[in-house]
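# Structural overview
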Amino acid sequence: MMKKNIFFLILAFAVLFFSCENEGEKTKIKDPVGVPTLGALPNLTLERVNAADTLTFTGTKVDAGFEASADYFLEAAAAGAEFANSITVWSGVDPASMTTTVAALNTAMLDAGFDDDATSSVEFRLRARLVITSGTGAPGSGENPVEYNSSASTADVTTFGLQRLDLNGAEQVIPGADQNIKSSLGNGIYEGFVKAAAASGFTLDDPESGTSYGASGGALVADGGDPLTPPGDDGWYILTADINPAVLTYNFEEHRIALIGSAMTGNDDGWSADQWMDWNPETGNWEIEITLFDGLMKFRRNGGWAWNMGFVEGDTPGLEGPLQQGGVGNDIPVTAGAYKIIFTIISDAEGYYQIIPQ
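Calculation criteria
Residues numbered from 1 in each chain as written. Predicted model: local features only at pLDDT ≥ 70, side-chain atom pairs only at ≥ 80, totals over all residues. Heavy atoms only, no water. Helix = DSSP H or I, 4+ residues; strand = E, 2+ residues; numbered from the N terminus. Buried < 20%, exposed > 50% of the residue type's maximum accessible area, 1.4 Å probe, protein only. Contact = heavy atoms within 4.5 Å. pLDDT = per-residue confidence, 0-100. Pairing = 2+ DSSP bridges. Polar contact = N/O pair within 3.5 Å; in protein donor to acceptor, adjacent residues only side chain to side chain. Core = buried A, V, L, I, M, F, W, Y, C linked by side-chain atoms within 4.5 Å. Phe/Tyr/Trp six-rings, centres within 6.5 Å; stacked < 30°, edge-to-face > 60°. Lys NZ or Arg CZ within 6 Å of the ring centre and 35° of its normal.

### Considerations on the overall build of the chain
Looking only at helices and strands, one finds two helices and 27 strands in the chain. Out of the 358 residues in the chain, the part that is buried amounts to 42%. Considering only contacts in the chain between residues 6 or more positions apart, those separated by 24 or more positions represent 62%.

See below:
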């Protein structure tokens, strides 16, 4: 019996020793954290003839002292604006090679208000957003992400004006707004988000040629035809039009984003009560101002569950954070109040949300 007691006593000390060893090996965040860096910028003289060319930016990851889970955003803003009203040029999880096209950067800059056919001084930076689990000793551990920015790099960016088709007759869908779709490659194919309603059809007018396009039997008709109308419910669509004479086609793709959940009504009826959001072309985000109840919410597309986003499994949701597509049980809890909610689609699988009290 004495030997057995001694054996268990030795075993207990061993367990205590190794527990202390493991506790001592707890991951700690580096102090100071190594911020991400942005490499040399590519040639940013953008020309329509090179619209399909690839622009490659390079960067390095944040160095937190361990392999940190992070989202990265390559941002651009007018020089001296301290990145107010910045545009996202690229987003992802590996900044070693960040690619976009001449056309995509040009379109983003024009949508953000930069002058076309002009040269502007623009600052670029690489922003890292980390969600760090508790126990690392990091500020913002748990539900609140922490962010680190690279130094800003400044370059002259020359933009080119896009060819466009104006929606004539749809202005009342978005009061005071002129809607259009653009041809980023200048090849006669136009695309863009439009907010359309069956009760307010429109023509597509080419301000350069003076041609007005209507619809007939699913095809475009130059200087004739009926107004174009969406095939489904009122709301946001991706409209594509090909005005090349041998083609003359158009297509509406439904792209309506909504909030849904018990926070819409204060009870389970809210899970069938889509609250439709609006696309902001200047920021590339979906937005809504809304009064919510205590409850849960998610984001979904086109009134169905085939595509939906909630908070990332394993995270603790707060007033902002990363999102994942699909998943069960990752509803975002909110407390009653008036909010502005911003939803950023990073990719088909990832997103980011902000809940801003008003």
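### Some points on unusual backbone geometry
Located in the positive-phi region is Phe-83, a residue other than glycine, with phi close to 65 degrees. Within the fold, Phe-83 resides in the loop between strand 4 (70-78) and strand 5 (87-92). Phi angles above zero are rare outside glycine, and Asn-85 is one such case at about 55 degrees. Note on placement: Asn-85 falls in the loop between strand 4 and strand 5.

### Focus: the side chain of Gln-324
By the element assignment, Gln-324 lies in strand 24 (residues 320-325). Setting aside chain neighbours within four positions, we find Gln-324 in contact with Asn-308, Met-309, Gly-310, Phe-311, Val-312, Glu-313, Asn-330 and Ala-349.

### So, the confidence of the model for the chain
Averaged over the chain, the pLDDT score is 88; the fraction of residues at 70 or greater is 88%. Below a pLDDT of 50 lies the segment residues 136-142, which in the model reaches 19 contacts outside its immediate sequence neighbourhood of four places, other chains included.

### Let's talk about the pairing of strand 9 (residues 153-158)
Of the two faces of strand 9, the one holding Ser-153, Ala-155 and Val-157 is buried and the one holding Thr-154, Asp-156 and Thr-158 is not buried anywhere. The pairing of strand 7 (residues 119-130) with strand 9 spans six bridges and is classified as antiparallel. Within strand 9, the position partnered with Ser-121 by the bridge is Asp-156.

### Focus: the side chain of Glu-75
Structurally, Glu-75 is set in strand 4. Of note is the side chain of Glu-75, whose polar atom sits 2.8 Å from the side chain of Arg-125. A polar contact is formed between the side chain of Glu-75 and the side chain of Arg-127, at a distance of 2.7 Å. Look past the residues within four positions of Glu-75 in its chain and what remains in contact with it is Phe-83, Ser-86, Ile-87, Glu-123, Phe-124, Arg-125 and Arg-127.

### Remarks on the environment of Ser-200
Relative to the assigned elements, Ser-200 resides in the loop between strand 12 (189-196) and strand 13 (203-205). Sequence separation between Ser-200 and Leu-228 is 28 residues, and the spatial gap between their C-alpha atoms is 8.9 Å. Among all residues touching Ser-200, those that are not within four sequence positions of it are Gly-169, Ala-170, Gln-172 and Val-173.

### Considering the nonpolar core
With 35 residues, the main nonpolar core has Leu-44, Phe-57, Phe-124 and Leu-130 as its most contacted residues. For this core, the secondary-structure elements that each account for two or more residues are strand 2 (54-57), strand 4, strand 5, helix 2 (102-111), strand 7, strand 8 (146-149) and strand 9. What Phe-57 contacts, discounting residues up to four positions off in sequence, is Leu-41, Pro-42, Leu-44, Leu-74, Val-89, Pro-95, Ala-96, Ser-97, Met-98, Thr-100 and Phe-124. Core analysis: the next-biggest nonpolar cluster, separate from the first, contains 23 residues, Trp-236, Trp-286, Ile-290 and Ile-332 among them.

### Comments concerning the packing of aromatic side chains
In total, this model carries 11 aromatic pairs according to the counting rule given. Both rings, one in Phe-193 and one in Trp-279, keep their centres 4.3 Å apart while their planes meet at 40 degrees; by these two values the pair is tilted. Of this pair, Phe-193 sits in strand 12 while Trp-279 is found in strand 20 (residues 278-280), placing the two residues 86 residues apart along the sequence. Among the aromatic residues, ring-to-ring pairing joins Phe-193, Trp-236, Trp-279 and Trp-286 into one connected group. Arg-301 extends its terminal NZ or CZ atom over the ring of Trp-307, reaching a point 4.4 Å from the ring centre.

### Observations regarding the environment of Gln-324
A relative accessible area of 19% places Gln-324 in the buried class. Remark: the alpha-carbon pair of Gln-324 and Asp-348, spanning 24 residues in sequence, is separated by 8.9 Å. Within the local environment of Gln-324, its side chain forms a polar contact with the backbone nitrogen of Glu-313, the two atoms lying 3.5 Å apart.

### Some details on helix 2
Burial runs high along helix 2: seven of the 10 residues are buried. Considering only its buried residues, helix 2 is in contact with strand 2, strand 5, strand 6 (98-101), strand 7 and strand 9. Phi for Gly-113, located one or two positions after helix 2, is positive at around 105 degrees.

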